[in-house]
Amino acid sequence: MLRGLLFTGIYYALSVIYVLVALVTLALPGRSATSAVIRSYTRAIRLALRWVAGIRLEVRGRDCLPDGPFIVAAKHQSWGDGFMIYPEIDNLAFVTGDHLERFPFVGGILRKLGAIVIDTCGGGDRKAKSLAEGMELAAREGRRVLIYPEGHLAPPGYHYRYKPGVWHMQKAMQVPVIPVATNLGCFWKQEALQKTPGTAVIEFLPPIEPGRTKEDFLQMLTAAVEEQSTKLLVEASGSSVETTTLLPDPMKAAARS
């Protein structure tokens, strides 16, 4: 617990410092200066995770990343997932909910970075429109895009239904989708304060090319990410889990209650 407390203190201190530095860059033309600050921020968090929390990072499958634009569809187990992936890919945009804009000054930084901010309060039509607008900009600029297709943090050994938004993104951009497996949740559980020392892995998997039906694509993506994440879970914990368990969508469960 002490490691977790110390890391959390450093995390928030670094976050405040880097947000203030990033604000200075907002007045500069282009996004390169702001992007450089945020990449430095994610690397600093990764260093703190290693030296304070005792969690090392191993990255596998970099040879699966093609040249040019592509979509990264990643497993989402931990609040730290984005910090692990962002520094690994140049010219990366990311899909996020508008909840991050509640934090002071973050909205301006997200817009400067070219993040695709989804309107999560405006209903399905507004969500689709905000995603389409963001994708149009990303496609025009030839960027790579990171999305977490489950839409929620799932604990190790579990998963949520993969949402079809990533398929619509691929159809619009006509680029490969790179599945990403991880076991980071074994060491940094969702948003938990406690951290468990060890070696966390993120693994880029072979690309899924455009042209598949939505059902075929989602089945292939889910199988690729969940099967490899299960193997990484076994590697990290010695667990005998053979497959992950589907969880009900939290929003649907809340609507029924």
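Residues numbered from 1 in each chain as written. Predicted model: local features only at pLDDT ≥ 70, side-chain atom pairs only at ≥ 80, totals over all residues. Heavy atoms only, no water.

### A word on the side chain of E203
Piece 1. Residue position: E203 is located in strand β8 (residues 198-204).
Piece 2. In this structure E203 is buried but unpaired, with R60 as the nearest side chain of opposite charge at 4.2 Å.
Piece 3. In this view, E203 contacts R60, P179, V180, A181, Q228 and L232; residues no more than four positions away in its chain are not counted. (Helix = DSSP H or I, 4+ residues; strand = E, 2+ residues; numbered from the N terminus. Buried < 20%, exposed > 50% of the residue type's maximum accessible area, 1.4 Å probe, protein only. Lys, Arg positive; Asp, Glu negative; His and termini not counted. Salt bridge = Lys/Arg side-chain N within 4 Å of Asp/Glu carboxyl O. Contact = heavy atoms within 4.5 Å.)

### Some words on helix α4 (residues 106-113)
Piece 1. Judged by how many residues are buried, α4 sits mostly within the fold: 6 of 8 residues are covered.
Piece 2. For α4, the set of buried residues is V106, G107, I109, L110, K112 and L113.
Piece 3. Positioned one or two residues after α4, G114 has a phi angle of 80 degrees, which is positive.

### Some points on the side chain of E88
Piece 1. Locating E88 in the fold gives a position in the loop between α3 (81-85) and β3 (92-97).
Piece 2. Among the polar contacts made by the side chain of E88, one reaches the side chain of R46 at a distance of 3.0 Å.
Piece 3. Setting aside residues up to four positions removed in sequence, E88 forms contacts with R46, V59, R62, L65, I202 and F204. (Polar contact = N/O pair within 3.5 Å; in protein donor to acceptor, adjacent residues only side chain to side chain.)

### Remarks on the packing of helix α2 (residues 32-51) against α4
Piece 1. Look at α2 against α4: their axes get within 9 Å of each other, and the N-to-C directions meet at 115 degrees. It follows that α2 is roughly perpendicular to α4 by the angle criterion. Handedness of the α2/α4 crossing: left-handed. When α2 is examined against α4, the residues T34, S35 and I38 are found in contact with a partner set consisting of I109, K112 and L113.
Piece 2. Considering only residue class, the contact of α2 with α4 consists of 3 nonpolar, 2 polar and 1 charged. (Axes fitted to C-alpha atoms, helices over the stretch in contact; angles between N-to-C directions. Parallel < 35°, antiparallel > 145°, perpendicular 65-115°, else oblique. Left-handed = near helix turned anticlockwise from the far one by under 90°. Nonpolar A, V, L, I, M, F, W, Y, C, P; charged D, E, K, R; others polar.)

### Describing the pairing of strand β5 (residues 144-147)
Piece 1. With burial as the criterion, each face of β5 is covered, one bearing R144 and L146 and the other bearing V145 and I147.
Piece 2. Inspection of the sheet shows strand β2 (residues 71-74) paired to β5 by 3 bridges, in the parallel sense. Its bridge partner being in β5, I71 is matched across the sheet by V145. (Pairing = 2+ DSSP bridges.)

### Some remarks on the nonpolar core
Piece 1. Counting 44 residues, the largest nonpolar core has F7, I85, L146 and F204 as the members making the most contacts within it.
Piece 2. Here the element with the most residues in this core is α2; it accounts for 7 residues.
Piece 3. Not counting chain neighbours up to four residues away, the residues in contact with F204 comprise V59, R60, G61, R62, C64, L65, E88, I89, I178, P179 and V180.
Piece 4. Listed in part, the 21 residues of the second largest apolar core include M169, M173, F217 and V225. (Core = buried A, V, L, I, M, F, W, Y, C linked by side-chain atoms within 4.5 Å.)

### A short note on helix α7 (residues 214-237)
Piece 1. Compared with the 34 Å implied by 1.5 Å per residue over 24 residues, the 34 Å span of α7 between its first and last C-alpha is a close match.
Piece 2. Those residues of α7 lying buried are F217, L218, L221, T222, V225, E226, Q228, S229, T230, L232 and L233.
Piece 3. On its buried side, α7 packs onto β1 (55-60), β2, β6 (158-159), α6 (165-173), β7 (177-182) and β8.
Piece 4. Just downstream of α7 lies G238, where phi reads positive at about 75 degrees. (Expected span 1.5 Å × (residues − 1).)

### Some points on the packing of α6 against α7
Piece 1. Interhelical geometry of α6 versus α7 gives an angle of 115 degrees and a closest axis separation of 10 Å. For α6 against α7, the interelement crossing comes out right-handed. On α7, the residues that touch V166, W167, H168 and Q170 of α6 are K214, F217, L218 and L221.
Piece 2. Here the contact of α6 with α7 is composed, by residue class, of 5 nonpolar, 2 polar and 1 charged.

### Some thoughts on the environment of A36
Piece 1. Positionally, A36 belongs in helix α2.
Piece 2. For the pair A36 and T25, spaced 11 residues apart in sequence, the C-alpha separation works out to 9.8 Å.

### A short note on the packing of aromatic side chains
Piece 1. The final tally for this structure, using the stated rule, is 7 aromatic pairs.
Piece 2. Residues Y18 and Y41 carry aromatic rings whose centres are separated by 5.5 Å and whose planes lie at 40 degrees to one another, so their mutual orientation is tilted. Separated by 23 residues along the polypeptide, Y18 in helix α1 (residues 2-25) and Y41 in helix α2 bring together distant segments of the chain.
Piece 3. Site record: aromatic cluster; members linked through ring pairs are F7, Y11, Y12, Y18, Y41, F83 and W188. (Phe/Tyr/Trp six-rings, centres within 6.5 Å; stacked < 30°, edge-to-face > 60°.)

### Here we look at unusual backbone geometry
Piece 1. Positioned with a positive phi, N91 is a non-glycine residue whose angle comes to about 55 degrees.
Piece 2. Among the secondary structure elements, N91 is positioned in the loop between α3 and β3.
Piece 3. Even without glycine at this site, Q174 takes up a positive phi of about 55 degrees.
Piece 4. For Q174, the location among the structural elements is in the loop between α6 and β7.

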